[in-house]
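Listed below, chain by chain, are the residues.
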Number of protein chains: 2
Amino acid sequence: MDPKLEALFKPRSIAVVGASRKPGKIGFEILRNIIEYGFKGKVYPVNPKAKEILGLKAYPSLSAVPEDIDMVVVSVPAQYVLDVIDEAGKKNAKVAVVITSGFKEIGRADLEEELVRRARKWGIRVLGPNIFGMIYTPARLNASFGPTDVISGSVAFITQSGALGIALMGMTIVERIGVSAIISIGNKADIDDADLLEYLADDPNTKVILIYLEGVTDGKKFLKVAQKVTLKKPIIVVKAGRTEAGAKAVASHTGSLAGNVVIYSTLFRQTGILQARNVEEAFDWARAFSYLPEYKGGKLVLVTNGGGAGVLSTDTLSENGVKLEPPPKSLVDALKPKLPGFASLGNPIDVTGMISNEGFVDAIMEALNNPEVGAVMGIYCQTAVTDPMVIASMLVRKVKAMGGLPKPLVLTLIGGEECYWAVTKLNSAKIPTYPMPERAASTIAAVINYTRMREEVKRRLSELNEVSD
Amino acid sequence: MDPKLEALFKPRSIAVVGASRKPGKIGFEILRNIIEYGFKGKVYPVNPKAKEILGLKAYPSLSAVPEDIDMVVVSVPAQYVLDVIDEAGKKNAKVAVVITSGFKEIGRADLEEELVRRARKWGIRVLGPNIFGMIYTPARLNASFGPTDVISGSVAFITQSGALGIALMGMTIVERIGVSAIISIGNKADIDDADLLEYLADDPNTKVILIYLEGVTDGKKFLKVAQKVTLKKPIIVVKAGRTEAGAKAVASHTGSLAGNVVIYSTLFRQTGILQARNVEEAFDWARAFSYLPEYKGGKLVLVTNGGGAGVLSTDTLSENGVKLEPPPKSLVDALKPKLPGFASLGNPIDVTGMISNEGFVDAIMEALNNPEVGAVMGIYCQTAVTDPMVIASMLVRKVKAMGGLPKPLVLTLIGGEECYWAVTKLNSAKIPTYPMPERAASTIAAVINYTRMREEVKRRLSELNEVSD
């Protein structure tokens, strides 16, 4: 890994070239976000016409800044970007975050190549161009013109699309999904997905990496790196341009080659990358990986108070390659005396709609504590005899008393307003919970599939090593 | 259609046998819901120990009620149900809504057969047994023990699962999905899906029918009826037990035969039934059908301010069998002068992230008003230069000024909290809007596919007629 990438995530100082005094301007918004989000290093606004911006002394040019600078954020029109790179080089900058658009995406590949050439000459790594910036919450760094108040957590999100990326940043805030990093990768003139994956693989603040991907520029490099990274942490990809029509749309969007659908899916599987069907699913999965301990084998047990929701979950699991086995005998023996006679003790375990708050929570805890059980999915349909908020509180308390979840647990709470509040409560306590059974089922399937795929990749790699011995 | 079914939806009088004075008891909750939801007909609580329940005079038995009764809601233990049916018969009841469980679902098929035999003798139609009741909002009738405050609208929902059905009733309230009817169909001892479909096909208050289906008892009847009904209005099915594992779970839930997955899917397609992949999708679709005018052919045009979201939507459309053609030349000509030079005027039409509130709304309206356009999908990614609430208000105003939507329009607004409010605002104005691009795309695909399938069914039926001529 290039040590210079360290400066992308943890710069000691940042210059914003093209900093503006006008709210609404990109050069203003980025500077404001850097300041408001609480970046602790030095910040130098660069603007030839301003003396001070947002309370900080402004400099007429990069050269006028009295010290060396780690990161230069570039938000000036395209024709001035090359000069800024030269000035940044003289200040020993390590990375340039080039917000500016007007390069390859509008047919100016020549300008983009020159940008990279110039940056290489000075040993500067370039993020972008044509991006909304980047965020790294452990460093309290928000060098983007997206929303300010991103929630800190352990999901790293790399996005090839700008507008969608900013919009999804906003979505993570409403949905209370905590992120470690959000990186707008844009035209990938220099820094590409593989570079970022390499860095994030060893980042202790990142538990899972989510990529919105239209196409990769260097497929071999991407796959080689991804294969190593998935051994350490899950990578979730939403691949845009999965269909012929979508691939055409990609071409007119970022000019990337979306490539062959089947080839991508196969390669994802072989490298242990989890491919989500859509954005909602990708974030559902990312949330779970960021909250949960690793799945280490053992049975998946479903506990439901509603037969129908149990069936739908079983279908979804099966469609995602996860088969249900009969529950451990010890679990059946433990639960049987506590449940109504007509409860169904297969898998799903149907504790029936007559179950109380305590009864439902108790069944989940029994399953979690059973040594043969490796993962649990709790399915709750709102009933007149239970209260989703009480169930949520009890579960949160019991899990806390255990010192956190010992193995993966996902929940679905289906029902009215109380369920929505309970879903939020459980997610705040890092128990991944969803308002729909299929979303919870697809998520626990992803958690299990990740471990399985990783073991498969490991096995294949060790076979390859034996062959080469 | 059996005219007695009229009494299921529009009874003039209802007796609740097993009415209780204790809140929390099913016999209390149902009576309370009937009263609180504002049923205008006569209501007779039947309870041998009470003089009055919830302000209504109570009767010791059905026979003691001084008049004939249209609908008898039965909530007494299974062993007393047969006697209640006999009493109901003497009161010329037309339908019995048998809440009580303890029949076929626990192996007492004998008791269930006797129940039907007894009801037939009296000419009573039976809903259930083993159900949570039914709701028909145009008659202000909530004869269920689910939530009280169901929102009135034009989605009819038939559910084979009780617990899931009640939970989803609650969900419709939070999601502001208006329903015409919710019917818990349970063991389908007498009234089955086909009977209800026949009634709802001609119900002017119902625009779309959503069924949670585990299995059908009389497949031929179901398909024959469904084929006729889909000519009039869309039927959306969530089929539980789609996989081998799911089918097993169905068997242990309601004892239905989930049947062969492929056969079901093929038959659904042939009869013009829309099969949703999951509950969320089914309700997404139902919402759109309840709001929108019919799709009558013509091009589908996508208008987006974010390239990536446009690509994802294109993929989803393609995966749902809807191909995008180039936009009408007249639309391109109309939009070109108003858009930035780098806007992409294919399909999706990418109006770019630089577009203003007015510009985005204007592009949507241009598309809606173009005579070659048959349906529109608007894709909005939250940006710093736009405000989703302003866009929502403008759209609502413009659509109102047109006297409502002239053709199908769905929207997705992706972003932070403001987007969530704007989604709610648009849905309240009957413009179906979703927080994720793929959900909106799958919905507009369903709207288009319904019309196409229906034309296909019509064509096939007329061919059959020609052959038989």
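Residues numbered from 1 in each chain as written. Chains lettered and ligands numbered in written order. Predicted model: local features only at pLDDT ≥ 70, side-chain atom pairs only at ≥ 80, totals over all residues. Heavy atoms only, no water.

Caption draft 1: Up close: the overall build of chain A. From N to C terminus, chain A includes 16 helices and 20 strands. The C-alpha radius of gyration of chain A comes to 25 Å, within 12% of the 23 Å expected for a compact globule of 469 residues. The C-alpha extent of chain A, read off along each of the three principal axes, is 80 × 55 × 40 Å. A total of 469 residues make up chain A; the buried ones form 63% of that total. Considering only residue pairs separated by 6 or more positions, chain A has 75% of its internal contacts joining residues 24 or more positions apart. (Helix = DSSP H or I, 4+ residues; strand = E, 2+ residues; numbered from the N terminus. Rg over C-alpha atoms; globule rule 2.2 N^0.38 Å. Buried < 20%, exposed > 50% of the residue type's maximum accessible area, 1.4 Å probe, protein only. Contact = heavy atoms within 4.5 Å.)

Caption draft 2: Molecular detail of the packing of aromatic side chains. For the structure shown, the criterion picks out 14 aromatic pairs over all chains. Ring geometry for Y264 of chain A and F268 of chain A: centres 5.6 Å apart, planes at 50°, overall tilted. Note that Y264 of chain A and F268 of chain A are positioned in helix α9 (residues 261-271) at a spacing of 4 residues, about one turn of the helix. Judged on exposure class, the residue Y264 of chain A and its partner F268 of chain A are both buried. For the ring pair Y44 of chain B and Y59 of chain B, a centre distance of 5.7 Å and an interplane angle of 70° mean the geometry is edge-to-face. Here Y59 of chain B lies in the loop between β4 (56-57) and β5 (71-74) and Y44 of chain B lies in strand β2 (residues 42-46), a separation of 15 residues in the sequence. (Phe/Tyr/Trp six-rings, centres within 6.5 Å; stacked < 30°, edge-to-face > 60°.)

Caption draft 3: Molecular detail of the sheet that holds strand β15 (residues 299-304) of chain B. All names here are of chain B. Read from one edge of the open sheet, 6 strands run β16-β17-β15-β18-β19-β20, paired in mixed fashion. Two strands bound the open sheet, and with one partner strand each, they are β16 (344-345) and β20 (433-434). The sheet contact formed by β15 and strand β17 (residues 349-350) spans 2 bridges and is parallel. Residue pairing in the sheet places V303 in a bridge with I349 of β17. (Pairing = 2+ DSSP bridges.)

Caption draft 4: Spatial organisation of the relation of the copies chain A and chain B. Structural alignment of chain A on chain B gives an RMSD of 0.0 Å, achieved by rotating through 180° and translating 0.0 Å along the axis. What the rotation and shift describe, once combined, is the action of a two-fold rotation axis. Considering only C-alpha atoms, the residue of chain A closest to the rotation axis is E280 of chain A, which sits at 5.8 Å. The overlap is high: 98% of the interface residues of chain A also sit at the interface in chain B, so the same surface is used on both sides. (Least-squares fit on C-alpha atoms with pLDDT ≥ 70 in both.)

Caption draft 5: Structural context of the interface of chain A and chain B. Contacts between the two partners involve 53 residues from chain A, matched on the other side by 53 residues from chain B. Put simply, chain A and chain B have 6 salt bridges between them. The partner of R439 of chain A in a salt bridge is E280 of chain B, with the nearest N and O atoms 3.2 Å apart. The interface formed by chain A and chain B contains 20 residue pairs in polar contact (both at pLDDT 80 or more). Contributing elements (two or more residues each) for the side of chain A that touches chain B: α5 (162-174), β13 (235-239), α8 (244-253), α10 (279-291), α11 (307-319), α15 (417-428) and α16 (437-468) of chain A. When residues of the side of chain A that touches chain B are assigned to their parent elements, the largest contribution, 10 residues, is made by α11 of chain A. The residue inventory of the side of chain A that touches chain B, partitioned by class, reads 23 nonpolar, 19 polar and 11 charged. (Salt bridge = Lys/Arg side-chain N within 4 Å of Asp/Glu carboxyl O. Polar contact = N/O pair within 3.5 Å; in protein donor to acceptor, adjacent residues only side chain to side chain. Nonpolar A, V, L, I, M, F, W, Y, C, P; charged D, E, K, R; others polar.)

Caption draft 6: Broad picture of the packing of helix α14 (residues 388-401) of chain A against α15 of chain A. Residues and elements named next belong to chain A. Relative orientation of the contacting elements α14 and α15 amounts to 15°, with a least axis distance of 8 Å. Our classification of the angle between α14 and α15 gives roughly parallel. Crossing angle aside, the handedness with which α14 passes α15 is right-handed. Contacts from P388, M389, A392, S393, L395 and V396 in α14 reach E418, C419, W421, A422, K425 and L426 in α15. Looking at side-chain class alone, the contact of α14 with α15 contains 9 nonpolar, 1 polar and 2 charged residues. (Axes fitted to C-alpha atoms, helices over the stretch in contact; angles between N-to-C directions. Parallel < 35°, antiparallel > 145°, perpendicular 65-115°, else oblique. Left-handed = near helix turned anticlockwise from the far one by under 90°.)

Caption draft 7: Structural view of the domain arrangement of chain A. Residue and element names in this part refer to chain A. Entries for chain A in the domain assignment read domain 1 (1-131), domain 2 (150-291) and domain 3 (295-451). In this complex, domain 1 contributes 21 residues to the contact, which on the side of domain 2 involves 17 residues. In total, domain 1 and domain 2 occlude about 1800 Å² of area from one another, counting both sides; carbon and sulfur atoms represent 57% of this. Our count for the contact surface shared by domain 1 and domain 2 stands at 3 salt bridges. The interface formed by domain 1 and domain 2 includes 11 residue pairs in polar contact (both at pLDDT 80 or more). Listed by contribution, the elements that provide at least two residues to the side of domain 1 that touches domain 2 are α1 (6-9), α4 (109-122) and β7 (125-127). Partitioned by chemical class, the residues of the side of domain 1 that touches domain 2 number 12 nonpolar, 2 polar and 7 charged. (Domains from an automatic or database assignment. Buried area = accessible area lost by both parts, 1.4 Å probe.)

Caption draft 8: Geometry of the nonpolar core. Formed by 294 residues in total, the largest nonpolar core has its most connected members in L8, F9 and I236 of chain A together with L8, F9, I236 and L300 of chain B. With residues near it in sequence (within four places) discarded, L8 of chain B still touches M71, V95, V97, L127, M134, L141, I191 and L196 of chain B. (Core = buried A, V, L, I, M, F, W, Y, C linked by side-chain atoms within 4.5 Å.)

Caption draft 9: Representation of the pairing of strand β9 (residues 141-144) of chain B in the model. All names here are of chain B. A two-sided burial pattern is seen for β9, the buried positions comprising L141 and A143 on one face and N142 and S144 on the other. Examined bridge by bridge, strand β8 (residues 133-136) and β9 share 4 bridges and lie antiparallel to one another. Among the inter-strand pairings, G133 is bridged to a residue of β9, identified as S144. The antiparallel hairpin formed by β8 and β9 contains 4 residues in its connecting segment, where R140 sits at a positive phi of about 50°.

Caption draft 10: Expanded view of helix α4 (residues 109-122) of chain B. Residues and elements named next belong to chain B. With 14 residues, α4 extends 20 Å from end C-alpha to end C-alpha; this agrees with the ideal 20 Å at 1.5 Å per step. Taken as a whole, α4 has its buried residues at L111, E112, L115, V116, R118 and A119. Taken down its axis, α4 places every buried residue within 165° of arc, on the same side. Facing away from the buried side of α4, by more than 90 degrees, are the exposed residues R117, R120 and K121. (Expected span 1.5 Å × (residues − 1). Arc of directions from axis to C-beta.)

Caption draft 11: Layout of the environment of V208 of chain A. All names here are of chain A. Along the chain, V208 turns up in strand β12 (residues 208-213). Sequence separation between V208 and A441 is 233 residues; the distance between their C-alpha atoms is 19 Å. Setting aside chain neighbours within four positions, we find V208 in contact with S154, V155, A156, P234, I236, A286, F289 and S290.

Caption draft 12: Broad picture of the sheet that holds β7 of chain A. Residue and element names in this part refer to chain A. Pairing within the open sheet is parallel, and its 5 strands lie in the order β2-β1-β5-β6-β7. Looking at which strands have only one partner, the edges of the open sheet turn out to be β2 (42-46) and β7. Pairwise comparison of adjacent strand axes, ignoring direction, gives a mean angle of 20° for this sheet. Relative to β7, strand β6 (residues 95-98) runs parallel, the two being bridged by 3 bridges. Each bridged residue has a counterpart across the sheet, and for A96 the counterpart in β7 is V126.

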